[in-house]
Structures are given as C-alpha cells and as structure tokens.
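Examination of the molecular architecture
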Amino acid sequence: MDFSLSTLYNAFDIEKSYEYDELATESRMDAFTTAVALTPESLVTNAELLEEVIEMAHAFPQLPSARQKQLTYLVSSSFTAVCIHCRNAIDSGDFVDSAEMIKQQMERYGYLLFVVLSYLGKEDFPGTGSGVSSYKQKQGSAKWKSNCTLVEEVLDAVIVCFKLPLSRLFVTTPERNLYLDMFIRTIFHLMELPERMKSNNTKVLMFRAICESVINQSMGLTVQNCIVQCLTYYIHLPPYMAELLHTLDERHGHSALTEELLRELSTMEFNANDANGPKAVSEFLIKLSEMSPRLILKQMSTTAQLLDNSNYTLRCSVVETCGNIVVDILKTDANADSAGDDHESNVASQVDGLISLLQERFLDRNPFVRTKAIQAMVKIFSLPARMPKRRHAVMLIALRSLEDRTTLVRRNSIKLMYKLLLTHPFSATHGSQLVESVWQKRLEEVNKELEKYMPANGNAMLDSLKNAAEDDENNDKPEDDEMDPEDGEAAEEGDEENDSDSAIDESQDKMDVDSEPDAPLPELPNLLLQERTIIIKAKLTQQYYLDALLFIEAAQKGAEVASKLLFSKNRNEVLESMDYLVLADAHGIKNANDGIHKMLHLVWMKGLSDEGKSISSHLIDCYKNLFLTAPEDVTASQSAAIIAKNLIGLTINASVADLASLEKLLCMMYEKSMIVPEVLKVLWHIYNKAGSGEASPEFSVEFVHGSVIILGMLALANRLIVQMGVDSLLRVGLGECGKNDMILCKNTCSILLKIVPAGGKISVANKFAQEEDAVKSLRDVLFLQTDSPDWYSAAEQCIIALFKISPSPEETFSEILASKAMQAFDEDILGENQMIRLSQLLFIVGHVAMKSIEYLEKLETQFKKQKHETESKTKDKKEEDENELEMIGGTSEDDFTDAVIFIKEKELLYGEHSILAKFGPMVLTICKNSKEYNNETLQRSAVLCLSKLMCVSSKFCEENLPLLITIMEKSPDPIIRCNCVLGLGDMAVCFNNLVDENTDFLYRRLTDENIMVQRTCLMTVTFLILAGQVKVKGQLSSMAKCLEHEDQGISDMCKLFFTELATKDNAIYNGFIDIFSGLSNDETLEKDARKRIIKFLVGFIEKEKHQKQLSDKLLVRLNKCESEREWDDVAYVLTTIPYKNDTITQAIENGYKMVLARD
C-alpha cells in the first residue's frame, strides 16, 4: 500500500468500528514481532506487513488485553529505537544518506503510536458506587492501572521523539507541524479525563512531552490554542494548565508562551450566558498567580484589562491575582540579602501600583469583587512588611466598607481590620499597647523637646534637616534598609534613653514602601552637628507618634462600628466582630470595652455560623480569655483573686439586662468547669469582709455588692454554693451590715431564695439547718424602719424568699401584715415617719397579694402532677409522710381548680377571715383622695398596691378599673403613670375581657409628655400584641408613628416590634389599610416622616398576591380622593409597592392631572 501520513491521519475516526479478522490476530502479531526484532525498517520495506499492523492498530479495542499490551510495547519500543537511531545518525554525521529511510520509519511508527495512544485515551475510569460489586471494582481498577502503564509507555517514546531536531527530517513546515500536531492534540485529549490528571506519573509525562514540543519544536502556537480550548470546555483543567505553564517556566525558563496566552485571554469576549468560560479563565489566573506570580506581573498591564469586563468572576480573579503577586514580591524582597537602590525603588513602585489597584476595587459594583479585594489585603498585611502610611489608608477604607450593605463585604472588612490591628507597625519600641492617652503623652514630650532646639527659620529648616538626614543614612548605611523586626525589639531591651532613637530607626527602616525622595543637603554653617542630629531624630519620632495616633483613631472607629454589628442577623459577621473587639481590648483601644459589655447579650442568640460554631460558644471562649485567664507566673490563689476581681468588675454599673445576660453566661461557664472552687472561696472571703466590722480599703462597697451578685448567679447552676455560705448570708447581708446597706440586703435575699431548687415541691423537705434563722432574719428586714428607697427592692426579694423558704408562707405573712399594720398605725409616731411606714405596708400588701396568686397556682400544678403520678401507678402505695395534698387524691382536677378560682375571686379580697381584705378599702381611700394624702411615696405605693390587688380578683378589677384609668390619665407623677400602664398590661393577661375594651387608654400613653412613660407603654403594648393578649384594632397607626420618634431607643424598639409582627400570619398586610388611614389623617405627622414609615412597612409585604390585593384596594381609594394631600399619600403607597400594572400607572398619571385641573 502507498503510505500517506496526512491521508491516514485525516481519515482516522476513533468512533468508527473498523473491520478486522480476529482469527488472524495471532499470526499477524507473531509476524510483526519477528519483523521488528530483525529491523524496524521492515514496516517500510514490507507493505503487506504495514497494512496488517495498521489494521491491528485500528482494531485495538477489539484485541485481547494481552495483545493490546504486546502491540503497544512493540510500537513504542520500535519507535523509540528509530528515534535513538536518528539521534546517533545525526551525531555521527551519516544522517544525510539515511534521512529518507528514517523519516519513513518515523512516519509509520508515529502513526501507529498515534492510533494506539488515541484508543488508550478513550478508556474510561471504572465506575464505583453502591451498584457496583467489589469484584467488579477490583477488576476495573486493575484494568485502569494497566491502561495508565501503557499510556506512560507511549508517552516516554513521544518525549524521546520531541527531543530530536525534526526540522532536519521534515523539510517543509506544514509536514513537520502535521506530524507534531498528531501527538500534541492526542496528549491534550488524554487530559480531558479528570481521573487521568490525578495520576501523577502520567501527568508529569504529559507535561514533559508538551514542554519538549514547545522548547525543541517551536510548537508554542499549537499548544496555546489547545490550552485555550481546554480552558473553554473542560472545567477540571484550568489548575492543570497553570501547572503546565509553571513547569515550562521553572524547568525550561520559557515564559513567552505564558505571556502570549495572557494577552489572548485579556482580549477574549464571553457570551453573557456563558458561565463556564469566565469561571475557567478565572481559576486558571488564580492558580497561575499562586505558582508563578512573576509571570503574570510581566503582563499585568494586559491582564488588568479584564477589570473592565462585565463578568464579575473575571474581575475577582484579577483582584486575587494582584494580591498573590504583591505577597510574592514582599516575601521575595524580605528574603533577599541585599539589593540596590534601583531595585528597592522598583519594588516599591510595583507594590504601590498593585495595592492602589486593589484599593480601587473596594468600590467595585459587585460585592464579590469587593470581598476579593479585601481578602487580598488581608494576605498582604499578614506579612512582616510594615508600610505604616499604607496601613492607615487601608484601615480607613476598611472602615468605610463596614457600611457596605452586603454582609460578606462587612464580614471580610472586619477580618482586614483585625489583621491590620494584629500586625500594627508600632510595637517594636513601646510594645503592642495602643492606649491613646499614653501615645498622646509621648507626642507631647517630643514636641517639648523640639521646642528647645527649634531653629529661627522654623519648620522649613526642619524638613530640610530631615531630608538631609535621610540622604546621609541612605549613603552610610544601605544595609539597614531591611532591618528585621527583631532589631526593633532588641532596642527595647537596651537603655531607656535610646527609645526615641529606636523609634526613628524603626520608622525609617520599615517605611520601605512609603519612603519619600531624598533632598539635597542644605548649607547650615551655624548649626552644630549634635543639635542637628537631635532635631532630626525628634522630628522623625514626632511623625512616628503622629502615625500611631492616626492608626489608633481608626482602630477606635472600627471598635465603634464592630459594636453595632454585634447584633447582625449574619452569624459569621457577629463572630468576626467579637474577635475584633477582643483584640482591640487586648491592645488597649479605649472604647473596645463598651463592645465587650454589649457582647454579653449574645448569650441568648441561637443558631450556628457557616463553620458550625454557635455564638454562645464563641462568646464563652472570648470571655474566658478576657476575664478567666490569669498570667502564667502567678500562684493558684493569686490567679483565683484576679479572676474574682474580673468577674466582680462586670457587675459594676451594669444594667438589669446586663446582669441577666451575665447570669446566663456564668451558668454556662460554670457547667463547663471554667470557674474553679478557689474563685468561689475568694468571692465568699470578700463578702465576709463586709461583715467583719473592720474597714477594708481593699474592697469598696461596689466590690462587696459584686461578690454576692456573682455568687447568686453561680448559685443558679449549683445551689450548694448557697448552702456553703448560709451563715455568712445571715450574718452579713441580713445582719447589721445589710440593714445599713439595703442593696447588699436585696442581693443577699436574692441569693438566699436559690437555696430551694427551682422545681422543688412546696411544703416538702426542702429544709436546711438554718431555716428558722433565715425566716426570722427575712421578717426583720420587712419590719425595718428606714427612709431608703432601696428598701422596696430589698423587701420585694425578701417576700419572694419567704414564700420559697417558709414552710407555711400563708401563716407567716398573715402575722407579718398584722404586725406591720400595728407598726404603721402606732399613735406615738406621726408625720413623715408614719407616711414611710404606711407606704411600706401598702407595698408589702400588694406584693404579698401577687405572690399569693403564684403560690396558689403552684399548689394547683403540684396537685395535678401528684394526681397523675398516682393514677399511673399500677399498685397503690401508701407513703409514710403524706401531706395534705396527697390526702385529697380522690378529688377531681376540676374541683381543685374551681376551689383555687373561688379563693382568688371571693376569699383573698372579700373573705371575712382574709387579712388582705382589710387593706382593700384603705388603698382605695388613699388613691381616691390624692389631695388629702398628698405624700408622693405613699401615693406611688398605694397605686402600685391597687394595680396588684386588681390582678387577684376579676370582681375587684372590674369595680376599680375606671379609678385606675383615671389615675393613669390625670396623675402628674410619671412613675405612677408608668405603674398604671404596667398594671393594665398585667390585667390584660389575667382578665382579657375586662381590659380589651379599654386599650385605647393604654395606647394614649404612647404620646405621654414623659419619655419614660412612652417607653414603658411601648414595651407593654409590644408584649401584649406579640403574645396575642389584646386584639389589634385601629391602634397600630399609633405604634407606627413611634418609628419616627426622636428618641432612638423608642424608634429601634418599634422597628423590632414590626419586624416580629411581620412573622405572625400576615399581620401587617391585614392591618395596613388601618395604619395608613391613621397616618394619613394625622395632621401632626410631617409628610417626609409619613413616607418613611410607609416605605418601612411596605417592605414587610413580600407576597405578590398580597401586593396585588393591596394595590387594588388603594386604587379604588385613589379614585375617591377629595384633596391633593390625600391623593399624594395614596399615590406614594402605590408607587412604593413593588407590584405594578398599566391600570395603576395610568390612574396615577390621570389622577395627578385631574388634581391640577381642580386647582
């Protein structure tokens, strides 16, 4: 047959099934083996043999496995032998005579090798999974390994071929390119299978072959086209293509192909619907920048053109590439031993340009690009390079990005600020602390020093001196330009007098990127050399301190914003904000402590971050590092004292909300054994010091209060903590010390009631040894005669404790109320003292009434629980100690419930033998005659007592509800009005049917003249509505107006209310028309404020169906508007609702014209 390589190559179709006589396989294979064993030239001289071998190669998939291996070995070994013979012929000089024969052999064996390699590359990776048996998996795995071995065998032969000067064999370029293209494209086809690229040996051989084709055969253009195709169509190949170009550059020093490829990629245009193309190019650029960043740096000007591409994925890749290049430059520059001025200037210019480009991307229109720019900055500023000026600029940009509306950008901005603060450049001389006052003081000292040596011609002279000094130092000490960070730290260990010198050296040596151009040395004949040096160093030190103060100011602003982001809906953002505040606090940023205290409330936040960490767990870790970690060089007792002091410090100036969150957090930390027993001993020791009778300057009053507060919080997790200090509680808090300090007394009562477990049975063995002493001490507190307003909070806790501790609280309080009444109406005591005693009496009466209801409800619950337990037992068991509740086990639950209701309604306030019933008329008399009983404290106690008694009986509530409403409307005392609002809220829960008709009076307090009453009313109404205790009628407009309240706290609370309301059965949609009507008819509400409220509320109507229905209702209303103002309001709502149609648009246009015509 006449052999034509181009004809056979173009005609070959790997998908075609070639005819082949399988019976002749053995004879043909033997003939081929015998022939090539004698000489490889047999395929040239024996045309019949060549035809048979080509037929076998075309039928390669049909051959048995053993024959496939044999054919592959024969073709590849013969091809290698021909290549070696060609190399020897060229080296010996006999190449001209045998060139034609060698060429024919190369063509024939090359074609056979191409066919074999093509079929080997068609082999798929064996499937795995539940549907494939283990035997088939092993069989498929063995077959795949055999295939990879054959491919590697062929690739070895190809590499040998590519090392030859093929241009001497193939005279014409098309002929040579065809021959090389036959192998190159087949190798790239091999890469199309992801599993083959995972075989490291195969991958290395493919890369070697392609590199040889580029270096020795000048096939760069073909390889470039193949790489572009791989990037376009195969999503797994971009990283491997980058690795290929990295290998080509690193091992062969060839970068031209990469540069040409980057030029081509920078000019490519992608279809708007093509997502894979830009993604693949982006992945390729990123991987290449990680492996060979300097390659991209050479073509950065062309690569940067991708930043103008509309596809954000490409812009992201360029941004990340810039970051990788800067990191590589700074790392390489830091590791360099020495370099010239030109090199340093070039490095500084490159870094400055790339960082400026990254800064521009902080304002990219796509949030992912902005995020990538921030992440690149994080990488850069994680390096030792100082760049103080650039750091300050980036810190300000990061601060600006914290206001981004995208959570991802804000989260990474906090990360960047964290990294900038962690690696700040001002730690070498004075340590890592950034306390503003300290640095300000240092600056003032330097300024004073400058004033001593200030020359007559002022700052212009100083600037010249500074430039002159820089010129001198650059000429004299070029090796100092890259001072290690350890050099600055070593300066700190030296003499204190050299601090300013160290600061100057550090600022000079580390500002390699931010350096300024040198200035010529001026003539200064009248200035001594020593004075000149002092002024220069002082001036540089001054600049160093100014840079530090600017950085501190930016860090403080960051802490302020991070504090606001603590309550973001995004969990990851919250975690990053917490980390930044902890780091800022560690560096002495003054306002970080405010954020640390705000973090306390995160203990209630549920949910996990993307990394699977909960907010509360991270909060525990933060507080452990901040407050439960002592220095390593202290003893155990010193460590416990430090931790106790830290915990007490958290209670000082803490609000009620702060204390509640702290209690929850400390209980969680105690359960995780983070608070050791030694700390508890220190807290008890501090508490006992207050009752020792000795003045202790070491522990202030607030410190003692804090100790018992912390102990009370921990007692919630373990009541044994209380039991170990009961004697101390009775001696200190309920003794003479507590009677003189009612806050201490209140906290003591609060911790004492925790000695009974929360789920403990009433009147059952929850006794402790000092029970009688405790009851007596608590009684004494209630009988205490004092004008301290703190007595009321202490008495409240005292009553709660008595109901828990006393074995028979009803008898105890009957005796207390009788004795207290006799004390209050003692004829020997008149005037102010009598008013105080009467106020105390009424306070006790009201709170005992409330706790009596709670006591009865607990009895009812306990009875039902015991009855269910009795019924669930299969056998009757008689217990030795049966209490009264167990004796009535035969009573039905309904009978017991009816008995409890009867007691509350008829007995407590109306029974002949009820002591509470004696005080009802007295309270009413005082409340009705406020002018006669005009003592402020008495009136407050009486109204509070009245509202609590009204929560006991519906009959008493119904009779006196008008009186309470009148007091709420007309009382001049804002505290009384607040108590009335709270009382109405409690009554709405207890007797909903009575209060529901009078909720209008409650809503009026939203416009009360006192801000405290408004806030109380808003909180009460919010609870009642969200809990479903009152029906929402037309009063939501009053709530909506609070969105524009001048007090930010009320405004934020109202926003939270509507946010929660929006989650409850389309509540805002259902009430929107009523809200809008109320807002539109309110003449006192400004137009802009009304629009902001409407826009805020419309944002909660998300369902398109609701938007359409609401638009239809408003459209009808629009056509009936009688004034332009009314029409404007309705039209604004219609334009704010996302739903639009032609009818609405036309109606708005026509209506606007119609209104103009009327005018």
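Rules used in this analysis
Residues numbered from 1 in each chain as written. Predicted model: local features only at pLDDT ≥ 70, side-chain atom pairs only at ≥ 80, totals over all residues. Heavy atoms only, no water. Helix = DSSP H or I, 4+ residues; strand = E, 2+ residues; numbered from the N terminus. Buried < 20%, exposed > 50% of the residue type's maximum accessible area, 1.4 Å probe, protein only. Contact = heavy atoms within 4.5 Å. Areas by Shrake-Rupley, 256 points an atom, 1.4 Å probe, with all protein chains shown as cover. Axes fitted to C-alpha atoms, helices over the stretch in contact; angles between N-to-C directions. Parallel < 35°, antiparallel > 145°, perpendicular 65-115°, else oblique. Left-handed = near helix turned anticlockwise from the far one by under 90°. Polar contact = N/O pair within 3.5 Å; in protein donor to acceptor, adjacent residues only side chain to side chain. Patch = residues over 30% accessible without salt bridge, like charges linked within 9 Å, V, L, I, M, F, W, Y side chains within 5 Å. Salt bridge = Lys/Arg side-chain N within 4 Å of Asp/Glu carboxyl O. pLDDT = per-residue confidence, 0-100. Phe/Tyr/Trp six-rings, centres within 6.5 Å; stacked < 30°, edge-to-face > 60°. Nonpolar A, V, L, I, M, F, W, Y, C, P; charged D, E, K, R; others polar. Core = buried A, V, L, I, M, F, W, Y, C linked by side-chain atoms within 4.5 Å. Expected span 1.5 Å × (residues − 1).

This part covers the overall build of the protein chain. Along the backbone of the protein chain there are 57 helices and 0 strands. In the protein chain, buried positions account for 51% of the 1159 residues. Sequence-distant contacts in the protein chain: of pairs separated by 6 or more residues, those separated by 24 or more amount to 73%. Carbon and sulfur atoms form 49% of the exposed surface of the protein chain, whose accessible area is close to 56,100 Å².

It is worth spelling out the packing of helix α21 (residues 407-422) against helix α27 (residues 571-586) at this point. Contact geometry of α21 with α27 gives a least axis separation of 9 Å together with a crossing angle of 20°. Of the possible angle classes, the one that applies to α21 and α27 is roughly parallel. The handedness of the crossing between α21 and α27 comes out as left-handed. Side by side, α21 and α27 meet where T407, R410, R411, I414, K415, M417, Y418, L421 and L422 of the first sit next to N572, E573, E576, S577, D579, Y580, L583 and A584 of the second.

The next subject is the side chain of H236. For H236, the location among the structural elements is in the loop between α11 (220-233) and α12 (238-252). A residue is classified by how much of its surface remains accessible, and H236, at 18% relative accessible area, is buried. Polar side-chain contacts of H236 include one of 3.5 Å to the backbone oxygen of E192. Leave out the neighbours within four places in its chain, and H236 touches M191, E192, L193, P194 and M197.

A separate point is a nonpolar patch on the surface. Together, Y312, F368 and L408 give the surface a local cluster of nonpolar side chains, amounting to about 260 Å² of exposed area. For L408, the position within the fold is in helix α21.

Here we come to the confidence of the model for the protein chain. With 87% of its residues at a pLDDT of 70 or more, the protein chain shows a mean pLDDT of 83. Scored below 50 in pLDDT, residues 472-527 shows 74 contacts in the model against residues more than four places distant or in partner chains. Contacts of residues 1152-1159 to residues separated by more than four positions or lying in other chains number 6 contacts, the stretch itself having pLDDT below 50.

Bringing the packing of aromatic side chains into the picture now. Inspection of every chain in the model, using the stated rule, returns 27 aromatic pairs. Residues F863 and F896 carry aromatic rings whose centres are separated by 4.4 Å and whose planes lie at 10° to one another, so their mutual orientation is stacked. Of the two residues, F863 sits in helix α41 (residues 832-872) while F896 sits in helix α43 (residues 893-907), which places them 33 residues apart along the sequence. Here the two residues F863 and F896 agree in accessibility, since each one is buried. Taking 5.1 Å as the distance between ring centres and 85° as the angle between the ring planes, the aromatic pair formed by F1096 and F1100 counts as edge-to-face. In this structure F1100 comes out as partly exposed when scored by relative accessible area, which is 24%.

Moving on, we come to unusual backbone geometry. Of note in this structure, S218 is not a glycine but carries a positive phi near 60°. By the element assignment, S218 lies in the loop between α10 (200-217) and α11. Residue S218 is classed as exposed on the basis of its relative accessible area, which comes to 58%. One non-glycine residue, N653, adopts positive backbone phi at about 60°. Along the chain, the position of N653 falls in the loop between α30 (636-649) and α31 (656-671). Take N653: its relative accessible area is 73%, and that puts it in the exposed class.

It is the contact of α12 with helix α14 (residues 276-291), at a shortest axis distance of 8 Å, that shows an interaxial angle of 35°. As α12 runs across α14, the sense of the crossing is right-handed. Contacts between α12 and α14 involve P238, P239, M241, A242, E243, L245 and H246 on the former and, on the latter, A280, E283, F284, K287, L288 and M291. Split into classes, the residues belonging to the contact of α12 with α14 amount to 9 nonpolar, 1 polar and 3 charged.

Here we take up the side chain of K754. Relative to the assigned elements, K754 resides in the loop between α37 (742-752) and α38 (771-782). Side chain to side chain, K754 and E663 meet in a polar contact 3.1 Å long. Setting aside residues no more than four positions away along its own chain, K754 makes contact with E663, G712, M713, A715, L716, R719 and V722.

By size, the foremost hydrophobic cluster in this structure holds 357 residues, and its most contacted members are M106, F188, F284, M599 and F1058. Examining the composition of this core, we find that 14 residues originate from one element, helix α6 (residues 95-122), more than from any other. Setting aside its immediate chain neighbours within four residues, F188 contacts I210, V223, C226, I227, C230, M241 and L244.

Our next topic: the environment of D773. On the secondary structure map, D773 appears in helix α38. Spatially, the C-alpha atoms of D773 and D727 are 9.4 Å apart, while their sequence positions differ by 46 residues.

Here the focus is the environment of Y623. By the element assignment, Y623 lies in helix α29 (residues 615-627). Between the C-alpha atom of Y623 and that of M669, which follows or precedes it by 46 residues, the distance is 9.3 Å. Residues in contact with Y623, not counting those within four places in the same chain, are I596, H597, M599, L600, L628, L650, L665 and M669.

We now examine α14. Between its first and last C-alpha, α14 extends 22 Å over 16 residues, near the 22 Å set by a 1.5 Å rise per residue. Of the positions making up α14, those classed as buried are G277, P278, A280, V281, S282, F284, L285, I286, L288 and S289.

A separate point is the pattern of salt bridges. Taken as a whole and assessed by the stated rule, the structure comprises 36 salt bridges. For E320, the salt bridge identified is with K372, shortest N-O distance 3.1 Å. Residue E320 is located in helix α17 (residues 312-335), and its partner K372 is located in helix α19 (residues 367-380); the two are separated by 52 residues in the primary sequence. Between E436 and K590 there is a salt bridge; the shortest N-O distance is 3.2 Å. Of the two residues, E436 is situated in helix α22 (residues 436-453) and K590 in the loop between α27 and α28 (592-598); the sequence distance between them amounts to 154 residues. Accessibility expressed as a relative area gives 24% for E436, which makes it partly exposed. A residue is classified by how much of its surface remains accessible, and K590, at 58% relative accessible area, is exposed.

This next bit is on the environment of P367. Position of P367 among the secondary structure elements: in helix α19. Given the relative accessible area of 21%, P367 is considered partly exposed. It is 8.8 Å that separates the C-alpha atoms of P367 and D404, two residues lying 37 residues apart in sequence.

The next thing to look at is helix α56 (residues 1124-1136). Helix length check: α56, at 13 residues, gives a terminal C-alpha distance of 18 Å against a target of 18 Å (1.5 Å per residue), a fit within 8%. Inspection of α56 places W1127, D1129, V1130, A1131, V1133 and L1134 among the buried residues, and these make up the whole buried set.

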